[in-house]
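Summary of the model geometry
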Amino acid sequence: MDKIAEMLTIVRNGSQAKLEKVDLPSSKVRESIAKILTTEGFVRSFKIAKDSKQGVMRIYLKYDEQGNPTITNLTKVSTPGRRNYVHASQIPVIRSGTGTCILSTNKGMMTGHEAKKQNVGGEFICTVW
């Protein structure tokens, strides 16, 4: 089971159902993706609660004034069966800059814009808009 795809599906389904928050198991990779989604303005915030196992991550979803979710599309690009790597010069611009792509680089998880600035490529995890 792909843990990143599971996280993206939970967030996507929660925003389409107009939920205030979604809960999912925590991990460092999921935490770094949630941090990027928060800084880019797609979700309000997230918290991690420790429990006896691995911890629970609670992501608070964000909506506009009309009640529409800020995340309209959340798509996994690289899968365990078919990894998708991009060079720094090949990082795509998503929706004319209104969306973002998330990459896993040797310097950690970052957006495509940050990766271009630092001139690093990596695994193309997902796109968000």
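Parameters and conventions
Residues numbered from 1 in each chain as written. Predicted model: local features only at pLDDT ≥ 70, side-chain atom pairs only at ≥ 80, totals over all residues. Heavy atoms only, no water. 1 Å grid on protein atoms, 1.4 Å probe; cavity = no way out; pocket = protein on both sides within 12 Å on 5 of 7 lines; lining within 4 Å. Points joined across faces, edges and corners; volume = space filled by probe spheres on them. Helix = DSSP H or I, 4+ residues; strand = E, 2+ residues; numbered from the N terminus. Nonpolar A, V, L, I, M, F, W, Y, C, P; charged D, E, K, R; others polar. pLDDT = per-residue confidence, 0-100. Pairing = 2+ DSSP bridges. Axes fitted to C-alpha atoms, helices over the stretch in contact; angles between N-to-C directions. Expected span 1.5 Å × (residues − 1). Buried < 20%, exposed > 50% of the residue type's maximum accessible area, 1.4 Å probe, protein only. Arc of directions from axis to C-beta. Contact = heavy atoms within 4.5 Å. Polar contact = N/O pair within 3.5 Å; in protein donor to acceptor, adjacent residues only side chain to side chain.

1. Describing the layout of surface pockets
Its volume calculated, the largest pocket comes out at about 220 Å³. Lining the largest pocket are 14 residues, and of these Gly97, Gly99, Thr100, Gly112 and His113 lie nearest its centre. Put simply, the parts of the chain that give the lining of the largest pocket at least two residues each are strand E6 (100–105) and helix H3 (112–118). The greatest single-element share of the lining of the largest pocket, amounting to three residues, is contributed by H3. Here the lining of the largest pocket is built from residues that sort into five nonpolar, seven polar and two charged.

2. Side note on the confidence of the model for the chain
Overall, the prediction assigns the chain a mean pLDDT of 96, with 100% of residues at 70 or greater. Across the chain, element-level confidence peaks in strand E5 (residues 85–86) with a mean pLDDT of 98 and bottoms out in strand E4 (residues 74–76) with 96.

3. Some details on the sheet that holds strand E3 (residues 56–61)
Remark on secondary structure: sheet strands pair via backbone hydrogen bonds, oriented parallel or antiparallel. Taken in spatial order, the three strands make up an open sheet running E1-E3-E2, and their pairing is antiparallel. A strand with exactly one partner marks an edge of an open sheet, and here the two such strands are strand E1 (21–25) and strand E2 (43–49). Recorded for the sheet is a direction-independent mean angle of 20 degrees between the axes of neighbouring strands. In the sheet, E2 pairs with E3 via six bridges, with the strands oriented antiparallel. Residue pairing in the sheet places Ser45 in a bridge with Tyr60 of E3.

4. Some words on helix H1 (residues 3–16)
Between its terminal C-alpha atoms H1 stretches 20 Å, which fits the 20 Å expected from 14 residues at 1.5 Å a residue. Among all positions of H1, only Ile4, Met7, Leu8, Val11, Gly14 and Ser15 are buried. Within H1, the buried residues cover an arc of 135 degrees as seen down the axis, which keeps them to one side. Contact partners of the buried residues in H1: E1, helix H2 (28–39), E3, E4 and strand E8 (122–128). Measuring from the side-chain oxygen of the N-cap residue of H1 to the backbone nitrogen of Ile4 gives 3.4 Å; that N-cap residue is Asp2. Two residues or fewer after H1 comes Lys18, characterised by a positive phi angle close to 60 degrees.

5. Focus: H2
Spanning twelve residues, H2 covers 17 Å between terminal C-alpha atoms, matching the ideal 16 Å at 1.5 Å per step. Just downstream of H2, Gly41 is the residue with a positive phi angle, here 85 degrees.

6. Let's talk about the pairing of E6
With five of six residues buried, E6 lies mostly within the body of the structure. Sheet topology places E6 next to E8; five bridges connect them, and they run antiparallel. Note that in E8 the partner of Ser104 across the bridge is Glu123. With four bridges connecting them, E6 and strand E7 (residues 108–111) associate as antiparallel partners. What sits directly across from Leu103, in E7, is Met110. Counted between consecutive antiparallel strands, the loop separating E6 from E7 contains two residues.

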